[in-house]
Amino acid sequence: MNVKYHSYVIVPLKFNETKKLSLEPAAINSMDFTENVKELFREGAPSQMCSAYKCPPIIDEGCYLFEKDLSFRLTESFLFVFKTKVAFLAVGIAYDRIETLRKLRNPGYNESEAAYFYENGQPFDFEGKLESYCRKFGLERFFENKSASFFLDAFTFTMALTENYFESLDILKKYTFNLHQMTEITSDLEDFSEEDVRYVFAVKIQERNAYRWGVCISSQTMSYIFADENMNMAAHIEEQKRDILPIAILALYEKYTCLRFGQLILSSDRKQTQKTKQLMLNFKAYGTINAANFSRWHNVKQVYANLLEVNDIREAISDVEYKINIISESQKEQEKERSDRVMNIITLFGIVSILASVLSIVQILSEGNPAIWISTALTTVVLTLVMVITLRIHK
């Protein structure tokens, strides 16, 4: 079967300071999304959460990379930076054999086994170059584990393009699951141990009695297969980056934002905790989108909903709400402690003031002036009467 491949390897990143990057903006304006989704990406919008950029070449433009007989080339890549201190580098990769992607990603293992070479045979450190590239923009690995592969926590969004439409959903399931496993799509492969796999399919084309596309979704992959008689990969890559890549990015943003808040709470002082709480509240109020409000198309909503489900994102957001409540209760306790300390100080000064007043009165009375004694007695009687009357009224 004639198949063309393209993938985005999406690497989660973190940063501490928000700054405007001097990169070319990438517009997110797919007609598949509702306006409230587009608002998250729209520059200057009140609910903007993300700035999307086109990346300058990571490796010299047109450079081909080889690992033994498996080759790939870098295509256009994108950087998505969110206000919640998370970011994602989506590295575009084109290749001819699916084994190339499997070798590059090495799923299920912490370390990379790939060796990279320029076309002229000179070796180089591809993952090291990617990490240095991110550091230029103030970005670093989401999880600090320098011995692990840079792609360890990456999400892989893959598209395969074939000439023939698909006669049944069973065929689409088989092909997309194999693509998820990074093996030949026609392989006879079964694995019932993967419980986080979901499928979404296009509506059946009645004139052809066949289907045009399907996707297999898991917690770390989104694997599409499309039918196109013209095998126009360039057009499909444009569709891919416009209509599908942002879906994966938004789901991952919600997942890693929840994880990032946990990191910030553990490492922040009282002042920073208040800022983190405000970020969390803004995220809860403006930064999350339900699948029902994501798109006007049901299958697009299904793709997004499945990504949320397999990554347990709703549970993670509930945990954020729980953390907000804990922070609020902790802040109330701290405020109460501060108030109690202030009141104790005021009480102490009040006692001292009373003692000083008593001493002054005693000193004055000791002088023996009859007028002062009479006025003191009358004042005491009046205050006593006022107190008695007040008590009776309140009874």
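You'll find the structure just up there.
Residues numbered from 1 in each chain as written. Predicted model: local features only at pLDDT ≥ 70, side-chain atom pairs only at ≥ 80, totals over all residues. Heavy atoms only, no water.

Considerations on the overall build of the protein chain
Helix and strand counts for the protein chain come out as 9 helices and 14 strands. Expressed as a percentage of the 395 residues in the protein chain, the buried residues total 44%. Within the protein chain, counting contacts between residues at least 6 apart in sequence, those at least 24 apart form 72% of the total. Entry remark: accessible area of the protein chain is about 21600 Å², with carbon and sulfur atoms responsible for 54%. (Helix = DSSP H or I, 4+ residues; strand = E, 2+ residues; numbered from the N terminus. Buried < 20%, exposed > 50% of the residue type's maximum accessible area, 1.4 Å probe, protein only. Contact = heavy atoms within 4.5 Å. Areas by Shrake-Rupley, 256 points an atom, 1.4 Å probe, with all protein chains shown as cover.)

Some points on unusual backbone geometry
Here the phi dihedral of Met 231 falls at roughly 50°; this positive angle occurs in a residue that is not glycine. With respect to the element layout, Met 231 can be found in the loop between strand 14 (221–227) and helix 5 (233–267). Using a relative accessible area of 7% as the deciding quantity, one classes Met 231 as buried.

Here we look at the pattern of salt bridges
Under the counting rule described, the total for this entry stands at 15 salt bridges. The residue Glu 131 makes a salt bridge to Arg 141 at a minimum N-O spacing of 3.0 Å. With Glu 131 in helix 3 (residues 126–135) and Arg 141 in strand 10 (residues 140–141), this residue pair connects regions lying 10 residues apart in the sequence. We classify Glu 131 as buried; its relative accessible area is 12%. Linked by salt bridges that have partners in common, Glu 35, Lys 38, Glu 39 and Arg 42 make up one network. (Salt bridge = Lys/Arg side-chain N within 4 Å of Asp/Glu carboxyl O.)

Some points on the nonpolar core
The biggest cluster of nonpolar side chains holds 60 residues, and the ones touching the most others in it are Ile 10, Phe 80, Phe 82 and Met 222. The contact partners of Ile 10, leaving out residues within four places of it in the chain, are Phe 88, Leu 89, Ala 90, Ala 154, Phe 155, Phe 157, Leu 245, Ala 248, Ile 249 and Leu 252. Counting residues in each nonpolar core, the second largest holds 48 residues, with Ala 87, Ala 114, Phe 137 and Tyr 211 among its members. (Core = buried A, V, L, I, M, F, W, Y, C linked by side-chain atoms within 4.5 Å.)

Some remarks on the side chain of Ser 295
Inspection of the secondary structure puts Ser 295 in the loop between helix 6 (270–286) and helix 7 (298–310). Ser 295 sits in the buried class, given a relative accessible area of 4%. Looking at Ser 295, its side chain comes within polar contact range of the main-chain nitrogen of Trp 297, at 3.0 Å. Residues contacting Ser 295, with those up to four places away along its chain left out, are Asp 32, Thr 34, Val 300 and Lys 301. (Polar contact = N/O pair within 3.5 Å; in protein donor to acceptor, adjacent residues only side chain to side chain.)

Considering the packing of aromatic side chains
Scanning the model with the defined rule gives 27 aromatic pairs in all. For the ring pair Phe 72 and Phe 126, a centre distance of 5.8 Å and an interplane angle of 55° mean the geometry is tilted. A residue pair is termed long-range when its members are at least 10 positions apart, and Phe 72 in strand 5 (residues 70–74) and Phe 126 in helix 3 qualify at 54 residues. Neither Phe 72 nor Phe 126 differs from the other in exposure class; each is buried. Of the aromatic side chains, those joined through ring pairs into one cluster are Phe 82, Phe 88, Phe 142, Phe 143, Tyr 253, Tyr 256, Phe 261 and Phe 283. One residue, Arg 208, lies across the ring of Tyr 165, its end atom 4.0 Å from the ring centre. (Phe/Tyr/Trp six-rings, centres within 6.5 Å; stacked < 30°, edge-to-face > 60°. Lys NZ or Arg CZ within 6 Å of the ring centre and 35° of its normal.)

Things to note about the side chain of Ser 7
Mapped onto the elements, Ser 7 comes out in strand 1 (residues 3–14). A relative accessible area of 0% means that Ser 7 is categorised as buried. Here Ser 7 is in contact with Val 91, Gly 92, Ile 93, Tyr 95, Leu 101, Phe 157 and Thr 158, once residues within four sequence places are set aside.

Some remarks on the pairing of strand 3 (residues 50–54)
Of all the 5 residues making up strand 3, 4 are buried; the element is thus mostly covered by neighbouring parts of the structure. Relative to strand 3, strand 2 (residues 24–25) is paired through 2 bridges, and the arrangement is antiparallel. Bridge assignment links Pro 25 to a residue of strand 3, and that residue is Tyr 53. Bridging between strand 3 and strand 6 (residues 78–82) involves 5 bridges; their strand directions are antiparallel. Looking across to strand 6, one finds that Cys 50 is bridged to Phe 82. (Pairing = 2+ DSSP bridges.)

Section: the state of the cysteines
Taken as a whole and judged by the stated rule, the model has 0 disulfides. Cys 134 provides the cysteine sulfur closest to Cys 55, a residue in no disulfide bond, and the two sulfurs are 8.2 Å apart. The buried category is assigned to Cys 55, whose relative accessible area is 11%. (Disulfide = S-S within 2.5 Å.)

Structural notes on the pairing of strand 5
Alignment of strand 4 (residues 64–67) against strand 5, held across 4 bridges, turns out to be antiparallel. Counterpart to Tyr 64 in the pairing with strand 5 is Arg 73. Inspection of the sheet shows strand 5 paired to strand 7 (residues 86–95) by 3 bridges, in the antiparallel sense. If you follow Arg 73 over to strand 7, its bridge partner there is Ala 94.

Focus on helix 7
Taking 1.5 Å as the rise per residue, helix 7 with 13 residues should run 18 Å; its terminal C-alpha atoms sit 18 Å apart, in good agreement. Looking only at helix 7, the buried set comprises Asn 299, Val 300, Val 303, Tyr 304, Asn 306, Leu 307, Leu 308 and Val 310. Phi for Asp 312, located one or two positions after helix 7, is positive at around 55°. (Expected span 1.5 Å × (residues − 1).)

Geometric values such as these leave the question of function open.
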